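Notes for the structure review
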Amino acid sequence: MTKQVSEIIKYNNKEYILDAYLLEGYFKDNPEKKPEGEIETSLWRGYFADYEIKNNELFVLNITIINNGKYISVIKDVFPNDKKMTWFNGLILIDENEYVNNKTSNIKTSFKLFEIKNGNVNKIKTLNLDELREFKFLQLEMFKLTSEYEILKEVYKDRVIYNHTKYRNKQDRFPNIDELFEEYLQDSIIEISKTILTD
């Protein structure tokens, strides 16, 4: 799979590379607002965005699409007035060593985990790599106790069955859905869980 154009979040005057796409949930709920840019292998969403956490609030700074081979800002079309992401609830993780134009290869990595509620920073955790691994493990175990876990599992199961029957030869071995779902959760627990469950 082609590497996607990175989205950027600014925090304390540094720009960090995001692994998540913060506007996807908004556009899923408001498809009429999604800008129509050219789809490329490195930009399957058709847009990319820049964000900022400032004064404990989350903002979208810019949304860019490609039109006739040119980059065009469409922030005024999508959010003409308030750019605060009041509709956003979720976790945002930044690797403090993954900032734009970073030329060092600092092995001592530190992470910031932000819990956002209605566009406001509710909690911030600073974690090293071992602490992040432990957090993800505990977060996953706690998530398994929620009603959302069972709902997500059913949705995931239906999607796997649909994709398998649509794209696979009937002689292929059917995948183990429980194993696939566990791997998916391990990879995506930060994006899936909306709050810090381990405190």
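The rules behind the values
- Residues numbered from 1 in each chain as written.
- Predicted model: local features only at pLDDT ≥ 70, side-chain atom pairs only at ≥ 80, totals over all residues.
- Heavy atoms only, no water.
- Helix = DSSP H or I, 4+ residues; strand = E, 2+ residues; numbered from the N terminus.
- Buried < 20%, exposed > 50% of the residue type's maximum accessible area, 1.4 Å probe, protein only.
- Contact = heavy atoms within 4.5 Å.
- Areas by Shrake-Rupley, 256 points an atom, 1.4 Å probe, with all protein chains shown as cover.
- Core = buried A, V, L, I, M, F, W, Y, C linked by side-chain atoms within 4.5 Å.
- Expected span 1.5 Å × (residues − 1).
- Polar contact = N/O pair within 3.5 Å; in protein donor to acceptor, adjacent residues only side chain to side chain.
- Phe/Tyr/Trp six-rings, centres within 6.5 Å; stacked < 30°, edge-to-face > 60°.
- Salt bridge = Lys/Arg side-chain N within 4 Å of Asp/Glu carboxyl O.
- Pairing = 2+ DSSP bridges.

Another point: the overall build of the protein. Broken down by element type, the protein carries 5 helices and 8 strands. For the protein, the succession of helices and strands along the chain, N to C, is β-β-α-β-β-β-α-β-β-β-α-α-α. Looking at the protein as a whole, 37% of its 199 residues qualify as buried. Residue pairs at least 24 apart in sequence account for 56% of intrachain contacts in the protein once pairs closer than 6 positions are excluded. Carbon and sulfur atoms make up 47% of the accessible area of the protein, which totals about 12600 Å².

Turning next to the nonpolar core. Counting residues in hydrophobic clusters, the biggest one holds 28 residues, and the most contacted among them are Ile 9, Leu 23, Tyr 51, Leu 58, Val 60, Ile 63 and Ile 92. For this core, the secondary-structure elements that each account for two or more residues are strand E1 (7-11), strand E2 (14-18), helix H1 (24-29), strand E3 (48-54), strand E4 (57-67), helix H2 (75-78), strand E6 (90-95) and strand E7 (110-117). No other element matches the 4 residues that E4 contributes to this core. Contact partners of Ile 63, with chain neighbours within four places excluded, come to Leu 23, Phe 27, Pro 35, Tyr 47, Phe 48, Ala 49, Ile 72, Ser 73, Val 74, Ile 75, Val 78 and Phe 79. Of all hydrophobic cores here, the second largest spans 19 residues; its members include Phe 135, Ile 177, Leu 185 and Ile 189.

Helix length check: helix H3 (residues 129-143), at 15 residues, gives a terminal C-alpha distance of 21 Å against a target of 21 Å (1.5 Å per residue), a fit within 8%. For H3, the capping residue at the N-terminal end is Asn 128, with a side-chain oxygen 3.1 Å from the backbone nitrogen of Asp 130.

By the definition in use, this model includes 14 aromatic pairs. Here Phe 27 and Tyr 47 contribute two aromatic rings whose centre-to-centre distance is 5.2 Å and whose plane-to-plane angle is 80°, an arrangement assigned as edge-to-face. One end of the pair, Phe 27, is in helix H1; the other, Tyr 47, is in the loop between H1 and E3, and 20 residues separate them in sequence. Exposure class is identical for Phe 27 and Tyr 47. Each is buried. Judged by centre distance (5.6 Å) and plane angle (50°), the ring pair of Tyr 149 and Phe 181 falls under tilted. Of this pair, Tyr 149 sits in helix H4 (residues 147-167) while Phe 181 sits in helix H5 (residues 177-192); the two residues are 32 residues apart in sequence, bridging distant segments of the chain.

Inspection of every chain in the model, using the stated rule, returns 7 salt bridges. In this structure, the salt-bridge partner of Glu 57 is Lys 84, at a minimum N-O distance of 2.8 Å. With a gap of 27 residues between them, Glu 57 in strand E4 and Lys 84 in the loop between H2 and E6 connect regions that are remote in the sequence. On the basis of relative accessible area, Lys 84 is assigned to the buried category, the value being 15%. One connected set of salt bridges, linked through shared partners, spans Glu 141, Lys 144 and Glu 182.

Take Glu 15: it is sitting in strand E2. Classification of Glu 15 as partly exposed rests on a relative accessible area of 40%. Sequence spacing of Glu 15 and Glu 96 is 81 residues, and the spatial spacing of their C-alpha atoms is 9.5 Å.

Now for the pairing of E3. In terms of burial, E3 is a largely internal element, 5 of the 7 residues being buried. Relative to E3, E1 is paired through 4 bridges, and the arrangement is parallel. Looking across to E3, one finds that Ile 9 is bridged to Tyr 51. Bridge analysis of E3 against E4 gives 7 bridges, and the strand direction is antiparallel. Counterpart to Tyr 51 in the pairing with E4 is Val 60. Counting the residues between successive antiparallel strands, the hairpin from E3 to E4 contains 2 residues, one of them, Asn 55, with a positive phi of roughly 50°.

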